[in-house]
Amino acid sequence: MPSEDAAPRLDVDQILADPGVRIVVCCGAGGVGKTTTAAALALRAAERHGRRTVVLTIDPARRLAQSLGLSELDNTPRQVKGIDVEAVGGELHAMMLDMKRTFDDVVLQHTDPAKAAEIFANPFYQAMSSTFAGTQEYMAMEKLGQLHARGEWDLIVVDTPPSRSALDFLDAPARLSRFLDGRMLRLLLAPDRSGGRSMFSFVTASFGMFSKVVQKVIGAQLLTDLSGFVAALDSMFGGFRQRAEQTYRILQARETAFLLVAAPEPDAVREAAYFAGRLREENMPLAGLVLNRVHEPAAAGLDAAESLAAAERLDGLGDHEAVAEALRAHAELMQLAAREQRVAARFTEAFPAVPAVSVTAQPADVHDVDGLRTIGAAISRP
Ligand SMILES: Nc1ncnc2c1ncn2[C@@H]1O[C@H](COP(=O)(O)OP(=O)(O)O)[C@@H](O)[C@H]1O
Ligand SMILES: [Mg+2]
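Here goes a summary of the coordinates provided. In this text, all values refer to a predicted model and were calculated from it rather than measured experimentally.

## Overview of the overall build of the protein chain
Next, step 1: For the protein chain, the helix and strand inventory stands at 15 helices and eight strands.
Next, step 2: The proportion of buried residues among the 382 residues of the protein chain is 51%.
Next, step 3: Long-range pairs, those at least 24 residues apart, make up 79% of the contacts in the protein chain with a sequence separation of at least 6.
Next, step 4: Counting only carbon and sulfur atoms, one obtains 52% of the accessible surface of the protein chain, whose full area is about 18300 Å².

So this is what it looks like as structure tokens:
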């Protein structure tokens, strides 16, 4: 229902075709379609706009990963074969982030092999590289920085981790920065000193889990391991932090476009609005909102009340059950669509200038290239 307060329309093709846009980040709450949207946009950038594109996925559904030629966690981009790029000459490459291996690679790049082997064998490192809260966010940032630095792609489309809080991705550089400061690790070596904990606001969230991991493997051996670990990583701290901060600045630059993905549900829309506020605070360029999995009744001209009334009249006539059922189903869909519009309107009221687009809920999950193409077309529909 077009009205004066409707959001401006998001033109995704304009973004994908713009040679000045080098990074598209899809973010939002878990389960709303971030990975699907990222893959669909990357495919469209390659097929329609001839761009050499790489999509960095974090947690693709298995069937989707398989259809992109990703059979296992693989930390380097693989070219996706069998897509339709003849007309424009684009390319699509895809990868799934392997958090642990990205961490290992960073260590390998910054130390000699003997030292690296020592670090890998350290139980503390093993615990941290695979379980420390936020590691996935750090490593997504790290990987994005690496891909960007290689300069091989016209466009990098980034999926974001299925964090409980959609903000984790944005917080990664700052938290990493503080964490890698070393004070965190030193704090661990001398825990429970008065005032120690309150020095770090993030300690409450991350520290609990971190120290639990440490306690699990605690012992005299651990302390030795830990000092060795701290000493070994100490030399790398600077590099880690510097790169995270560099990536953070890239995310603020004009070459980046953030897309919020939300489902037309209260939680997802609330998360999207919160995220839009954060992006604004961080001076990060928000390009628009993709409202995914919306319901659109086939016969929008027939409103819910009319079709319910018609169904009731048919009930009295006998032999018209199927039609009455269809009318009721239609009424339900109209009511659902109206509810979804009201939920979406909350975002638009708060951020009236942010362009938006709706993508219809498909009858089935999206797990192959054809399905991605359909989503890409739906996002770009004029
Ligand atoms: N427009 C859509 N219509 C139907 N199913 C969709 C749509 N978008 C996403 N899906 C499905 O929803 C599920 C979650 O999508 P996914 O992209 O993995 O979400 P996220 O990455 O945000 O967790 C997947 O099974 C996907 O195929
Ligand atoms: Mg996902």
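## A short note on the sheet that holds strand β1 (residues 23–27)
Next, step 1: In space, the eight strands of this open sheet follow the order β3-β4-β2-β5-β1-β6-β7-β8, with mixed pairing throughout. Lying at the two open borders of the sheet, with one neighbouring strand each, are β3 (74–79) and β8 (356–360). Averaged over neighbouring strand pairs, the angle between their axes works out to 20 degrees when direction is ignored.
Next, step 2: Pairing of strand β6 (residues 256–262) with strand β7 (residues 286–294) involves five bridges; the strand directions are parallel. Residue pairing in the sheet places Ala262 in a bridge with Leu291 of β7.

## Notes on the site of ligand 1
Next, step 1: Around ligand 1 there are 18 residues in total, and Gly31, Lys34, Thr35, Thr36 and Gln362 lie nearest to it.
Next, step 2: The separation between an oxygen atom of ligand 1 and a polar main-chain atom of Lys34 is 2.8 Å.
Next, step 3: For ligand 1, an oxygen atom lies 2.5 Å from a polar atom in the side chain of Thr36.
Next, step 4: Cavity membership is defined here by more than half of the atoms lying within 2 Å of grid points; on that basis ligand 1 lies in the second largest pocket.
Next, step 5: Counting residues per element, the ones that place at least two in the shell around ligand 1 are α2 (34–49), β7 and β8.
Next, step 6: If one sorts the elements of the shell around ligand 1 by residue count, α2 sits on top with three residues.
Next, step 7: Class assignment for the residues of the shell around ligand 1 results in seven nonpolar, eight polar and three charged.

## What to know about the layout of surface pockets
Next, step 1: Volume-wise, the second largest pocket comes out at about 450 Å³.
Next, step 2: Lining the second largest pocket are 23 residues, with Gly33, Thr36, Arg293, Asp365 and Val366 positioned closest to its centre.
Next, step 3: Here the element with the most residues in the lining of the second largest pocket is α2; it accounts for three residues.
Next, step 4: Of the residues contributing to the lining of the second largest pocket, the split by class is nine nonpolar, nine polar and five charged.

## Quick notes on the packing of helix α13 (residues 304–315) against helix α14 (residues 321–350)
Next, step 1: It is the contact of α13 with α14, at a shortest axis distance of 8 Å, that shows an interaxial angle of 160 degrees. One finds that α13 runs roughly antiparallel with respect to α14. When the axes of α13 and α14 are compared, the crossing they make is left-handed. Contacts between α13 and α14 involve Ala304, Ser307, Leu308, Ala310, Ala311, Glu312, Leu314 and Asp315 from the former and Val323, Ala324, Leu327, Arg328, His330, Ala331, Met334 and Gln335 from the latter.
Next, step 2: Among the residues forming the contact of α13 with α14, the class breakdown is ten nonpolar, three polar and three charged.

## Quick notes on the coordination of the magnesium ion (ligand 2)
Next, step 1: Every protein donor of the magnesium ion (ligand 2) is listed here as Thr35 (OG1) and Asp59 (OD), and their distances to the metal cover 2.0 to 2.2 Å. Remark: Asp59 occurs in the loop between β2 (52–57) and α3 (62–67) and Thr35 occurs in helix α2; sequence separation between them is 24 residues.
Next, step 2: Judged by its relative accessible area of 11%, Thr35 falls in the buried class.
Next, step 3: For Asp59, a relative accessible area of 36% puts it in the partly exposed group.

## With respect to the environment of Ala305
Next, step 1: The topology assignment puts Ala305 in helix α13.
Next, step 2: The spacing of Ala305 and Met334 is 29 residues in sequence and 9.3 Å in space, taken between C-alpha atoms.

## Topic: helix α4 (residues 99–110)
Next, step 1: Here α4 spans 17 Å end to end across twelve residues, near enough to the 16 Å set by a 1.5 Å rise per residue.
Next, step 2: Among the residues of α4, those classed as buried are Met99, Thr102, Phe103, Asp104, Val106 and Val107.

## Side note on the environment of Arg48
Next, step 1: For Arg48, the location among the structural elements is in helix α2.
Next, step 2: A residue is classified by how much of its surface remains accessible, and Arg48, at 53% relative accessible area, is exposed.
Next, step 3: For the pair Arg48 and Leu16, spaced 32 residues apart in the sequence, the C-alpha separation amounts to 9.0 Å.

## Here we look at helix α12 (residues 266–281)
Next, step 1: If you check α12, its first and last C-alpha atoms are 23 Å apart, about what 16 residues at 1.5 Å a residue would give, namely 22 Å.
Next, step 2: For α12, the full list of buried residues reads Ala268, Val269, Ala272, Phe275, Ala276, Gly277, Arg278 and Leu279.
Next, step 3: Phi for Asn283, located one or two positions after α12, is positive at around 55 degrees.

## What to know about the pattern of salt bridges
If the charged atoms of two oppositely charged side chains come close together, the side chains can form a pair.
Next, step 1: Taken as a whole and judged by the stated rule, the model has eleven salt bridges.
Next, step 2: Arg150 is paired through a salt bridge with Glu152; the nearest N and O atoms lie 3.2 Å apart.
Next, step 3: Arg150 sits in the partly exposed class, given a relative accessible area of 43%.
Next, step 4: In this structure, Arg381 and Glu296 form a salt bridge, with 3.9 Å as the shortest nitrogen-oxygen distance. Residue Arg381 is found in the segment after α15 (369–380), and its partner Glu296 is found in the loop between β7 and α13; the two are separated by 85 residues along the sequence.
Next, step 5: With a relative accessible area of 31%, Arg381 lands in the partly exposed category.
Next, step 6: Each member of the salt-bridge network shares a partner with another, and the members are Glu47, Asp370 and Arg373.

So, how was this worked out
- For every chain, the first residue of the written sequence is number 1, and numbering continues from 1 onward in sequence order.
- As a convention, the first chain written is A and the first ligand written is 1, with the rest following in written order.
- The predicted origin of the model limits local features to residues at a pLDDT of at least 70 and limits the giving and counting of side-chain atom pairs to 80 or more, whereas totals for whole chains, interfaces and linings rest on all residues.
- With hydrogens and water set aside, each side-chain value is computed from the structure's full complement of heavy atoms.
- Each helix is a run of H or I in the DSSP string that is no shorter than four residues. Each strand is a run of E no shorter than two, and both are numbered from the N terminus.
- Per-residue accessibility, obtained with a 1.4 Å probe over protein chains only, is compared with the maximum for each type, and a residue is labelled buried under 20%, exposed over 50%, and partly exposed between these values.
- Only heavy atoms matter for contacts: two residues are in contact if any of them lie within 4.5 Å across the pair.
- Note on areas: Shrake-Rupley with a 1.4 Å probe; residue coverage comes only from the protein chains shown.
- Any two strands with at least two DSSP-identified bridges between them are counted as paired.
- Axes here mean lines fitted to C-alpha atoms, for a helix over just the part in contact, with angles spanning 0 to 180 degrees between N-to-C directions.
- Nearness is judged by heavy atoms alone; a residue qualifies as near a molecule or strand once a single heavy atom is within 4 Å of it.
- Two N or O atoms count as a polar contact when they lie within 3.5 Å, although within protein this holds only if one can serve as hydrogen donor and the other as acceptor, and sequence-adjacent residues are included solely when both atoms are side-chain atoms.
- A cavity here means a set of 1 Å grid points, computed over protein atoms only, where a 1.4 Å probe fits but cannot escape. A pocket is an open set with protein on both sides within 12 Å along at least 5 of 7 lines, and lining residues have an atom within 4 Å of a point.
- Pocket occupancy is defined atom-wise: a molecule lies in a cavity or pocket when more than half of its atoms are within 2 Å of its grid points.
- For this scheme, ten residues count as nonpolar: Ala, Val, Leu, Ile, Met, Phe, Trp, Tyr, Cys and Pro. Four count as charged, namely Asp, Glu, Lys and Arg, and the remainder, Gly too, count as polar.
- Grid points are joined across faces, edges and corners, and a volume is the space filled by probe spheres set on the points.
- Here is the rule for angles: anything less than 35 degrees is roughly parallel, anything more than 145 is roughly antiparallel, 65 through 115 is roughly perpendicular, and the remaining ranges are oblique.
- Each crossing is labelled by how the near helix is turned from the far one, with a counterclockwise turn of less than a right angle marking it left-handed and a clockwise turn marking it right-handed.
- Donor selection uses N, O and S atoms within 2.8 Å of the metal (3.2 Å for Na, K and Ca). Since no water is included, sites may look incomplete.
- The span expected for a helix works out to 1.5 Å for each residue beyond the first.
- The working definition used for a salt bridge is a side-chain nitrogen of Lys or Arg within 4 Å of a carboxyl oxygen of Asp or Glu.

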